[in-house]
Amino acid sequence: MIVDEIRIQIKGGKGGDGLVAFSKIKNEKGPKGGDGGHGGNVYVEGVSNLSALNKFRHKKEFFAGDGVDGKTRLLEGARGEELILKVPVGTIAHNLDSERDFEVMEVGEKILLAKGGRRGRGNWHFRSSTNTTPMECEDGKEGQLFNFFLELKMIADVGFIGLPSAGKSSLLNALTKANAKTAAYHFTTLEPNLGDYYGMILADIPGLIEGASLGKGLGMKFLRHIKRTKILIHCISSESLNQKKDYQIIKNELKEYETAIAQKKEYIFLTKTDLIDEKEVTKRVRELKKISPNVIPVSIYDENSLDEVRKILNKIKDKR
Ligand SMILES: Nc1nc2c(ncn2[C@@H]2O[C@H](COP(=O)(O)OP(=O)(O)O)[C@@H](O)[C@H]2O)c(=O)[nH]1
Ligand SMILES: [Mg+2]
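Keep in mind that what you see is a predicted model, and the values were worked out from it rather than measured.

Rules used throughout
Residues numbered from 1 in each chain as written. Chains lettered and ligands numbered in written order. Predicted model: local features only at pLDDT ≥ 70, side-chain atom pairs only at ≥ 80, totals over all residues. Heavy atoms only, no water. Helix = DSSP H or I, 4+ residues; strand = E, 2+ residues; numbered from the N terminus. Buried < 20%, exposed > 50% of the residue type's maximum accessible area, 1.4 Å probe, protein only. Contact = heavy atoms within 4.5 Å. Areas by Shrake-Rupley, 256 points an atom, 1.4 Å probe, with all protein chains shown as cover. Phe/Tyr/Trp six-rings, centres within 6.5 Å; stacked < 30°, edge-to-face > 60°. Lys NZ or Arg CZ within 6 Å of the ring centre and 35° of its normal. Core = buried A, V, L, I, M, F, W, Y, C linked by side-chain atoms within 4.5 Å. Near = heavy atom within 4 Å. Polar contact = N/O pair within 3.5 Å; in protein donor to acceptor, adjacent residues only side chain to side chain. Nonpolar A, V, L, I, M, F, W, Y, C, P; charged D, E, K, R; others polar.

1. Some remarks on the overall build of the chain
Right, so step 1: Counting its regular elements, the chain contains six helices and 16 strands.
Right, so step 2: For the chain, the residues scored as buried account for 50% of the 320 residues in total.
Right, so step 3: Here the analysis covers contacts within the chain between residues at least 6 apart in sequence; of these, 73% occur between residues at least 24 apart.
Right, so step 4: As presented, the chain carries roughly 16,700 Å² of accessible surface, and 50% of it is formed by carbon and sulfur atoms.

Structural data, given as structure tokens:
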């Protein structure tokens, strides 16, 4: 299962305290209290593993390391260890306290979410010509404490959409090693299935049914995942008696949710063509082309048709 929303609390490390100390060595008299180390920062960093949010399911609090206190002889305390939370690219980190949003777009991109506390200065800093034995030093400050809502937004380059049982998961499995569950009955898929097609992420978006945009069914939760998907592949089963209507149901859902999604570049896949004869395939393709120009007949049992699909995916991949 892919966790795509999670709430966590993070805290930067506390700064180390400064020290009041004096040298006892005869020729080096004076204040020698060292500074503390700064508290560690908390960052997020983008990774390609899309289930990277799963590890936040049980542990909810993440603290960076505290700075070490200053020592005698002007020795600085060590900096607190920084904490890097690995999140899938496409994650938006909403700071619930400041209401600022941070978006992790690239693998390896590192964004600061909570600063560690400033270090406290040792008494050496407070010396002056009038005060050669300062008793003053500073305590390290607390690190920033924030509540964050992490939300995985972008999950795919290409999204498979369509009514339940249109053959989306089967197709994903035929093209990638996704190993998504498939079944003859509706609603087998409860979360988006993802497949890696030579570095391009394909997603099978489940549960789009009439009214999904109004919160019915499961569709709503997943529609946001195709918000930034560049290309949609609309699967329509050859078993359907009214393909135009199937198409419209999904299209209306997308429009209701957000016009921009409905306007994405799309292909129509007439799926399960092994179930009807060739003449019927030609006729249906012709009909569907009246709705949308790019129509491809496919069957997971027909390698040639899958090769046609691969050609299209390769083209999309090269254009990225
Ligand atoms: N004959 C045939 N059956 C298929 C084909 N693709 C999928 N199916 C079957 O159609 C049913 C629904 O497929 P599934 O991939 O789960 O649909 P999804 O709900 O859109 O993900 C399953 O029983 C599949 O075995 C195909 O190309 N030909
Ligand atoms: Mg499915």
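Having seen the structure, we can now continue with the description.
2. Here we look at the packing of aromatic side chains
Right, so step 1: Applying the stated criterion across every chain yields a total of four aromatic pairs.
Right, so step 2: Seen in terms of ring centroids, F56 and F62 are 5.3 Å apart; in terms of plane orientation they differ by 80 degrees. Their pairing is edge-to-face. There is no split in this pair, since F56 and F62 are both buried.
Right, so step 3: A centroid spacing of 6.3 Å and a plane angle of 45 degrees characterise the contact between F102 and F148, whose relative ring orientation is tilted. Placement of the pair is F102 in strand β8 (residues 101-104) and F148 in strand β10 (residues 145-152), with a sequence separation of 46 residues.
Right, so step 4: With relative accessibility at 13%, the residue F102 sits in the buried group.
Right, so step 5: F148 gets classed as buried once you look at its relative accessible area, which sits at 0%.
Right, so step 6: Among the aromatic residues, those joined into a cluster by ring pairs are F102, F146 and F148.
Right, so step 7: In this structure, K110 is placed above the aromatic ring of Y43, and the distance from its NZ or CZ to the ring centre is 4.4 Å.

3. Thoughts on the nonpolar core
Right, so step 1: Ranked by internal contacts, the top residues of the largest apolar core, which has 22 residues, are F160, L202, F269 and L313.
Right, so step 2: At the level of elements, β11 (158-161), α1 (168-175), β13 (200-204), β14 (231-237), β15 (265-271) and α6 (303-319) are the ones that each hand at least two residues to this core.
Right, so step 3: Here this core takes five residues from α6, the largest share from any one element.
Right, so step 4: If near-sequence neighbours (up to four positions away) are discounted, F160 is found in contact with K168, L171, L172, L175, L202, A203, D204, I205, I233, C235 and F269.

4. Considering the site of ligand 1
Right, so step 1: What surrounds ligand 1 is a group of 17 residues, the closest being S165, K168, S169, S170 and D274.
Right, so step 2: Take A166: an N or O atom from its main chain is 3.1 Å from an oxygen atom of ligand 1.
Right, so step 3: A distance of 2.8 Å separates an oxygen atom of ligand 1 from a polar atom in the side chain of K168.
Right, so step 4: Coverage of ligand 1 by the protein amounts to 86% of the 580 Å² it exposes when considered alone.
Right, so step 5: Considering only residue class, the shell around ligand 1 consists of eight nonpolar, six polar and three charged.

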